[in-house]
Amino acid sequence: MKKYIALIITLTIIASLFVGCGKKADGVNIPAAGTPAPTQGAEDPKAEITPTPVPTKPTMPLDMEAFLREIAKANPEGDLEKIEADIIKNPFFVLYTREYTEWYYPGMVWDFKPQGVKDVLCIADNVSKKGSLVYVIIPEEGTDPEAIAESLKANSDPKWMDFEKGTDGMMSFAENGILYFSMYDTQMEPVTGTIAEKARDLVTVFHEYLASHPDATMLELAEYFVRHQKFNSIYAEEATADRLTGLTDYSGECTIKGFTEAAGIKPFMSPNLFIGYVFRLDDSTDKDAFVKSLEDNANLAWNICMVANTVIIETDGNAVLFMMCSEPKDEE
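In what follows, the accompanying structure is described. This one's a predicted model, so the numbers in the text were calculated from it and none came from an experiment.

Our focus in this paragraph is the overall build of the chain. Of regular secondary structure, the chain possesses 7 helices and 12 strands. For the chain, with 332 residues in total, the buried portion stands at 41%. Within the structure as shown, the chain displays about 19,600 Å² of accessible surface, and the carbon and sulfur contribution to it stands at 55%.

In structure tokens, the structure reads:
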């Protein structure tokens, strides 16, 4: 009997605890589950709480086929120039650039060239190096676009650019007799912010990025440059005083001093006239003197067989951007 009485008392205590959830206890409001906590330091616990901004970055992967079908419907006449322009307006494709197919079809085995092709557009992402690309093919009269699609699939090389991962998506369809074919990274992400179309445009990117990321490392800044330009195939790497290609005299000695960190922006392929660096200066460094040392040591013939014609130097606080490149003579 005593066991039953003890059991009833225990259940009564547990029930009372559940009833108390979400009610006042000793004059303090205990929020129910899921209620946001008040902002720390707020004098009025009932004051409205400012919600954390919701990221605008899409959380769902791009539906490549749905996107290209919209492009196809908007361009029934098959104007490849307009199709290209419409595709690269989209933030997912803004870094795609035209690939030429006279000698090689990107993304395919080396010696493959499809039969029955009247005209072709190929654009690819040469920045991420994952090999995503889009083909828009106008077949010759009498050629089945689906037959061309099958030949592309059979000869595709998903690792044509990234030999470790490569692309993991593939799709094709025909609309109005025009073939749309894509190999792509299913986790590709949109690109926002200014995109540099030429080296000098990186000056704008430089200031914009530092305005929103004042504590960024120079390597982070250089990597951002790589992902926000489409004028060259470049990469970023940390740089030290003894590894400043283009800022040394012919004996190899570098006299650039006064920075705490640096990163290089360098071309993948040589010969190439573009090279750049970003520096974070020491607090004791005279910025004007540092800029002067860059001007004095800039070797426009750093690539030996080619000579650049332009030096670009820009400062932002204690950060310095340095670039060498070639620009048209009539460009300021």
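Within this structure, the stated rule accounts for 14 salt bridges. Across the pair K165 and D185 runs a salt bridge whose closest N-O atoms are separated by 3.4 Å. Linking K165 in the loop between α4 (145–154) and β6 (169–175) with D185 in the loop between β7 (178–184) and α5 (202–212), this pair joins segments that are 20 residues apart in sequence. The exposure class assigned to K165 is partly exposed, which follows from its relative accessible area of 42%. What makes D185 buried here is its relative accessible area of 4%. With a closest N to O distance of 2.9 Å, K266 and E237 form a salt bridge. Taken as a pair, K266 in strand β9 (residues 259–267) and E237 in strand β8 (residues 234–239) lie far apart in primary sequence, 29 residues in all. Judged by relative accessible area, which is 11%, K266 ranks as buried. Each of E65, R69 and E175 takes part in a single network of salt bridges with overlapping partners.

Before going further, it helps to spend a moment on the packing of aromatic side chains. Under the counting rule described, the total for this entry stands at 14 aromatic pairs. One aromatic cluster is present, formed by Y105, F112, Y135 and F181 through successive ring pairs. Just above the ring of F173 sits the side chain of R69; from NZ or CZ to the centre is 4.1 Å.

Within a sheet, each strand pairs with its neighbour through backbone hydrogen bonds, oriented either parallel or antiparallel. In spatial order, the strands read β8-β9-β10-β12-β11; together these 5 strands make up an open sheet with antiparallel pairing. With partners counted over all chains shown, the strands left at the sheet margins are β8 and β11 (310–316), one partner each. Direction aside, the axes of adjacent strands within the sheet are offset by 15° on average. Direction of pairing for strand β10 (residues 275–281) relative to strand β12 (residues 319–325): antiparallel, over a ladder of 6 bridges. In the sheet register, Y277 faces β12, and the bridge partner there is F322. Helix-sheet contacts for helix α7 (residues 287–297) involve β9, β10, β11 and β12, and the interaxial angle to β11 is about 165°.

The next thing to look at is helix α2 (residues 64–74). For α2, every residue scored as buried is listed here: M64, F67, L68, I71 and A72. What you see down the axis of α2 is that its buried residues fit within an arc of 140°, all on one side. Residues of α2 that are exposed and angled more than 90 degrees away from the buried face: E70 and K73.

With antiparallel pairing, 5 strands are arranged side by side in an open sheet as β3-β4-β5-β7-β6. Strands at the two margins of the open sheet, each flanked by one partner only, are β3 (96–99) and β6. On average, adjacent strands in this sheet sit at an angle of 20° to one another, irrespective of strand direction. Two elements, strand β4 (residues 117–125) and strand β5 (residues 133–139), share 7 bridges in a ladder whose sense is antiparallel. Across the sheet, V117 pairs through a bridge with P139, a residue of β5.

Moving on, we get to helix α3 (residues 80–88). Inspection of α3 places L80, I83, E84, D86 and I87 among the buried residues, and these make up the whole buried set. Viewed end-on, α3 has its buried residues packed into an arc of 165°, placing them on one side of the element. Looking at the buried side of α3, the elements it contacts are α2, β3, β4, β5 and β7. Sitting at the amino-terminal end of α3 is D79, which places a side-chain oxygen 3.1 Å from the backbone nitrogen of E81.

Once that is clear, we can look at unusual backbone geometry. Of note, N176 is a non-glycine position whose phi angle comes to about 55°, a positive value. Mapping N176 onto the fold places it in the loop between β6 and β7. For N176, a relative accessible area of 52% puts it in the exposed group.

Thresholds applied
Residue numbers run consecutively from 1 along every chain, following the written order of its sequence. Given that this is a predicted model, residues contribute local features only at a pLDDT of at least 70 and side-chain atom pairs are listed and counted only at 80 or more, while totals for whole chains, interfaces and linings are drawn from all residues. Heavy atoms throughout the structure, all of them, feed into the side-chain values; hydrogens and water do not. Helix and strand definitions follow DSSP, with helices as H or I runs of at least four residues and strands as E runs of at least two, each counted in order from the N terminus. A 1.4 Å probe rolled over the protein chains alone gives each residue an accessible area, and that area as a share of the maximum for its type sets the label: buried under 20%, exposed over 50%, partly exposed in between. All accessible areas in this document rest on Shrake-Rupley with a 1.4 Å probe, and a residue is counted as covered only by the protein chains that are shown. Whenever Lys or Arg places a side-chain nitrogen within 4 Å of a carboxyl oxygen from Asp or Glu, that contact is recorded as a salt bridge. Aromatic pairing here means that ring centres of Phe, Tyr or Trp (its six-membered ring) are within 6.5 Å. Orientation follows from the plane angle: under 30 degrees is stacked, over 60 is edge-to-face, and everything else is tilted. Note on geometry: a ring has a charge over it if NZ (lysine) or CZ (arginine) is within 6 Å of the ring centre and within 35 degrees of the ring normal. Strands pair, by our definition, only if DSSP identifies at least two bridges between them. For helices, the fitted axis covers only the stretch in contact; all axes are lines through C-alpha atoms, and the angles between them, taken along N-to-C directions, range from 0 to 180 degrees. Only heavy atoms matter for contacts: two residues are in contact if any of them lie within 4.5 Å across the pair. In this description, the arc belongs to the directions extending from the helix axis to the C-beta atoms. A 3.5 Å cut-off defines polar contacts: any pair of N or O atoms within that distance qualifies, except that in protein one atom must be a possible hydrogen donor and the other a possible acceptor, and neighbouring residues in sequence count only when both atoms are side-chain atoms.

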